[in-house]
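Each chain, written out:
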Amino acid sequence: MQHSGKKYRRGKYTTITAIASFCSWIAVLSQPGFAQAQNPLLPRNLSPWGMFLNADIVVKAVMIGLAFASLMTWTVWLAKTIELRVAKRVACRRLKMLERGGDLTAAARACDGDRDAVAQLVLSTVREAELSDGIIDDGFKERVALRLERVEAAMTRQVSRGVGILATIGATAPFVGLFGTVWGIMNSFIGISESHTTNLAVVAPGIAEALLATALGLVAAIPAVVIYNHFARVIAGYRTLLGDASAQLLLMISRGQRGRGMTLPRAAE
């Protein structure tokens with residue numbers, strides 16, 4: 001009986017020792033340093049910045065280009081938002097002035113020396129009145145309408161400058177990102193071929209770089225498309241304001257109210 005008790009205690013201590021050794025082994029395996037030591041081919045840093053630093057030169061160029069395109073998108077957004085807001089505010093103020101009535105002479109005097117869109121419409125109308133020697137007929141009205149249409153188109157083109165780049169970025173950025181994706185996958189297959197293994201450590205970096213290029217393409221394209229559509233609506237509303245101002249000027253002409261004997265600078269058309 002005494003011998004059996006010693007044997008039982010010895011077996012019990014052996015089991016406890018085995019369990020403690022197993023737990024220690026699991027703890028060591030769970031440490032990142034051990035995993036890297038076991039497989040040094042695994043990438044150490046798969047953060048976006050780490051993937052960029054470890055990427056192929058072509059993939060790096062794609063990422064830099066997409067980041068620059070995204071910077072241009074937000075720069076255009078800021079600049080055109082300020083420009084369009086100021087232009088609409090001035091156009092609304094001029095339109096209210098025309099809607100209050102009065103004659104073309106007073107309107108031209110209020111706009112003399114200004115370069116905003118509605119001022120150009122007024123000055124262009126007065127210039128045509130000067131060239132027509134004060135004769136108001138159907139031909140004069142047609143000439144004024146033609147001038148106003150040209151000034152509207154010119155002013156709309158002026159406020160639209162820089163917006164086209166947003167359409168270009170929105171249309172091309174996904175395909176540029178896709179090019180980076182294809183190139184990264186190609187590098188992954190080349191790594192598989194050279195190492196003669198399908199180990200994840202060989203494939204993972206190239207796949208990660210490819211996915212990052214795709215993500216940057218979407219980050220550049222989606223805001224560009226949204227901002228472009230927003231500006232298209234704002235510019236359409238701005239052109240409507242110019243159309244209303246042109247209609248008020250034609251109403252003045254129809255009422256026979258025009259400036260006489262005035263010397264005004266030629267409006268930009």
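Look up a bit, the structure's there.
Here is what the cut-offs are and how they apply
Residues numbered from 1 in each chain as written. Predicted model: local features only at pLDDT ≥ 70, side-chain atom pairs only at ≥ 80, totals over all residues. Heavy atoms only, no water. Core = buried A, V, L, I, M, F, W, Y, C linked by side-chain atoms within 4.5 Å. Buried < 20%, exposed > 50% of the residue type's maximum accessible area, 1.4 Å probe, protein only. Helix = DSSP H or I, 4+ residues; strand = E, 2+ residues; numbered from the N terminus. Contact = heavy atoms within 4.5 Å. Phe/Tyr/Trp six-rings, centres within 6.5 Å; stacked < 30°, edge-to-face > 60°. Expected span 1.5 Å × (residues − 1). Axes fitted to C-alpha atoms, helices over the stretch in contact; angles between N-to-C directions. Nonpolar A, V, L, I, M, F, W, Y, C, P; charged D, E, K, R; others polar. Polar contact = N/O pair within 3.5 Å; in protein donor to acceptor, adjacent residues only side chain to side chain.

Student: Could you give me a rundown of the nonpolar core, with the residues and numbers involved?
Tutor: Looking at soluble globular proteins, one finds that nonpolar side chains tend to be buried together. Counting residues in each nonpolar core, the largest one holds 38 residues, and the members touching the most others are Leu98, Leu121, Val122, Tyr238, Leu242 and Leu249. Where this core is concerned, the elements lending two or more residues are α4 (57–99), α5 (104–111), α6 (117–131), α7 (138–160) and α9 (200–254). Per-element tally for this core: the top contributor is α9, with 11 residues. Those residues in contact with Val122 that sit more than four places away from it in its chain are Leu98, Leu104, Ala107, Ala108, Cys111 and Leu249. Of all hydrophobic cores here, the second largest spans 8 residues; its members include Ala69, Ile169, Ala220 and Ala221.

Student: Break down the environment of Leu250 for me, with residues and values.
Tutor: The topology assignment puts Leu250 in helix α9. Judged by relative accessible area, which is 29%, Leu250 ranks as partly exposed. A C-alpha to C-alpha distance of 7.5 Å links Leu250 and Ala145, two positions 105 residues apart in sequence. For Leu250, the residues in contact, after removing those within four places along its chain, are Lys141, Val144, Ala145 and Leu148.

Student: Describe the packing of aromatic side chains, listing the residues and the values that go with them.
Tutor: Inspection of the entire model under this criterion finds 2 aromatic pairs. Pairing Phe179 with Trp183 gives two aromatic rings, centres 6.0 Å apart and planes at 45°, and the pair type is tilted. You can see Phe179 and its partner Trp183 sitting in helix α8 (residues 164–195), 4 residues apart, about one turn around the helix.

Student: Report on α7, specifying residues and quantitative values.
Tutor: With 23 residues, α7 extends 33 Å from end C-alpha to end C-alpha; this agrees with the ideal 33 Å at 1.5 Å per step. Gly162 lies just past α7 and shows a positive phi near 90°.

Student: Give a detailed account of the packing of α4 against α7, specifying residues and quantitative values.
Tutor: As a packed pair, α4 and α7 sit with axes 10 Å apart at the nearest point and diverge in direction by 145°. Every residue of α7 that contacts α4 at Lys80, Glu83 and Leu84 is listed here: Gln158, Val159 and Ser160. Tallied by class, the residues present in the contact of α4 with α7 amount to 2 nonpolar, 2 polar and 2 charged.

Student: Tell me about α6, residues and numbers included.
Tutor: Helix length check: α6 (15 residues) gives 21 Å between terminal C-alpha atoms against 21 Å at 1.5 Å per residue, within 8%. Turning to α6, its buried residues number three or more, namely Ala117, Val118, Ala119, Gln120, Leu121, Val122, Leu123, Ser124, Thr125, Val126, Glu128 and Ala129. Capping the start of α6 is the job of one residue whose side-chain oxygen sits 3.4 Å from the backbone nitrogen of Val118: Asp116. Backbone geometry just after α6 places Asp133 at a positive phi near 55°.

It is worth stressing that arrangement in space is one thing and function is another; only the former is reported here.
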